[in-house]
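Analysis of the macromolecular model
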Amino acid sequence: MKRYLILEDGSVFEGNAFGSPSESTGEVIFTTGMTGYQEFISDPSNCAQILTLTYPLIGNYGINPEDFEAMEITLAGVVVREWSQQPSNFRSQRTFGELMEERNVPGIAGIDTRQLTKLLRTHGSLRGKLTAAGEQPNVERIVEELNAWSLPHDEVSRVSTLRPYPSPGRGSRVVLMDFGMKHGILRELNRRDCDVTVVPYNTPASEILAMQPDGVMLSNGPGDPTDIPEAIQTVKELIPHVPMFGVCLGHQLIALASGASSFKLKFGHRGANHPVKDLTTGRTELTSQNHGYAIDLASLEQTDLELTHIALNDQTVEGVRHKQYPVFCVQFHPEGSAGPEDSVHLFDQFITLMQTAGKAGKQHA
Ligand SMILES: NC(=O)CC[C@H](N)C(=O)O
């Protein structure tokens, strides 16, 4: 059945419906990873967005039980050139389309994703609507609707855990604040034997400190980081007291809590193999990225943070550390999933930081 993707600028893309038959509205974004579609569609950071996958054949190695980054799929929709109905991989248990159908996510196939991506790169991310399967749309009315529609502001509360839960280990005690966590982060902490407690995004600093953690990890998550001022306040209160490591949204929160400011990128950084220079070592690492906002470089001047990582494609801020406290963070995804894993050593750095701070007699008690 036919389905249309209509954008706020009046562009109309005609394709074939798959997944859920319902209509859906969201910010249309694109990711360029050649593999990793399962991780990408299940990353809660993409909550309420319509995701274009630029690689021309999606689903060719199917869907398996292990590679989900979260069990819920919170995307507003997916846009592909072609999806494979006959996946080939020993781990595959169902097709990409079956998953979209089961999880009620509308999809459109047969789209010239290259043309769509060029449009998004020229105009910046655009609001868009996927029409209901088989429906003949009134384009003028939909464009009007889209221009009046504003992006949601409550995505973190939709995807964060509602209750704390443990993921035990015998090593460092870590409180992991869940803003819409990718499982890869928990996996890397557990791999290092951390004794992790995952807590909701709105847990107050006093409750976190009462758990006497060796360190606090701030996860990735969806939306504009300024939408969660309560979390920014919590992070501000935690910084002087406990070693901290932030990833993606977690990085943005540390920067905002330190007095820096954020802005929306024209079309975001999404995909694998984004080169980032580590200014502390001079090394360039290939990184997995998925963000639509960034920290303003000039605004770091008014903070106690120093720049540690920079994006080589557009020179935006990719990582900072605190000049006084054992607190650091990166805008990219060191946990990879889907790779590359060049930066996974940052989790070791976090472990060392927690151990050193602990030996120093808990200056942060
Ligand atoms: N993956 C993330 O944590 C993304 C952070 C934030 N939602 C952004 O788009 O910039």
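Looking at an unreviewed UniProt entry, one finds the protein named Carbamoyl phosphate synthase small chain, with Chryseomicrobium palamuruense as its source organism. In the Subunit (unreviewed entry) part of its UniProt record, the protein is described as follows: "Composed of two chains; the small (or glutamine) chain promotes the hydrolysis of glutamine to ammonia, which is used by the large (or ammonia) chain to synthesize carbamoyl phosphate. Tetramer of heterodimers (alpha,beta)4."

Bringing the sheet that holds strand β2 (residues 12–19) into the picture now. The strand order β1-β2-β8-β6-β4-β3-β9 describes a closed barrel built from seven strands, whose pairing is mixed. Going from strand to strand, the sheet's axes swing by 35° on average, the running direction of each strand aside. Pairing geometry for strand β1 (residues 2–7) and strand β9 (residues 126–130), over three bridges, is antiparallel. Looking at the pairing, leucine 5 lines up with leucine 130 of β9. Where helix α3 (residues 113–123) meets the sheet, it contacts β1, β2, β3 (24–31), β4 (49–53), β6 (77–79) and β9, and its direction lies at approximately 95° from that of β3.

As a further point, take the environment of serine 172. Residue placement: serine 172 occurs in the loop between β10 (165–167) and β11 (173–178). Look at serine 172 and you get buried, because its relative accessible area is 12%. Along the sequence, serine 172 and valine 199 sit 27 residues apart, while their C-alpha atoms lie 16 Å from each other. Setting aside residues up to four positions removed in sequence, serine 172 forms contacts with Asp193, Cys194, Asp195, Asp214, Ile351 and Met354.

Now for the UniProt feature "active site" (unreviewed entry) in the protein. When the UniProt feature table is mapped onto this chain numbering, "active site" (unreviewed entry) sits at Cys248, His333 and Glu335. Across 88 residues in sequence, these annotated residues keep their C-alpha atoms within 11.1 Å of one another, forming a single compact spot. Here cysteine 248 lies in the loop between β14 (244–247) and α9 (249–257). Not counting chain neighbours up to four residues away, the residues in contact with cysteine 248 comprise Asn220, Asn290, His291, Val330, Gln331, Phe332 and His333. In this fold, glutamate 335 is placed in the loop between β19 (327–330) and α10 (345–359). For glutamate 335, a relative accessible area of 0% corresponds to the buried category. Contacts of glutamate 335, omitting those with residues within four sequence positions, involve Lys182, Gly184, Ile185, Arg187, Glu188, Val247, Glu341 and Phe347. Within polar-contact distance, the side chain of glutamate 335 engages the side chain of histidine 333 at 2.7 Å.

Each value, and the rule that gives it
Numbering of residues starts from 1 in each chain and follows the order in which that chain's sequence is written. Residues qualify for local features only when their pLDDT is at least 70, as the model is predicted, and side-chain atom pairs are given and counted only at 80 or more; totals for whole chains, interfaces and linings, by contrast, use all residues. Note that water and hydrogens are dropped before the side-chain values are worked out from all heavy atoms of the structure. UniProt positions are given in the numbering used here, feature names are shortened, and annotations may be inferred rather than shown by experiment. Note on pairing: DSSP must find at least two bridges between two strands before they are called paired. Strands here are runs of E lasting at least two residues and helices are runs of H or I lasting at least four, both read from the DSSP assignment and numbered beginning at the N terminus. Each axis is a line fitted through C-alpha atoms, taken for helices only over the stretch in contact, and angles between the N-to-C directions span 0 to 180 degrees. Here, residues are in contact when the closest pair of their heavy atoms is within 4.5 Å. Only protein chains enter the calculation, and the probe is 1.4 Å; a residue is then buried if its accessible area is under 20% of its type maximum, exposed if over 50%, and partly exposed in between. Identification of polar contacts relies on pairs of N or O atoms within 3.5 Å, with a donor-acceptor requirement for protein atoms, meaning one able to donate a hydrogen and the other able to accept it, and with residues adjacent in sequence counted only if both atoms are side-chain atoms.

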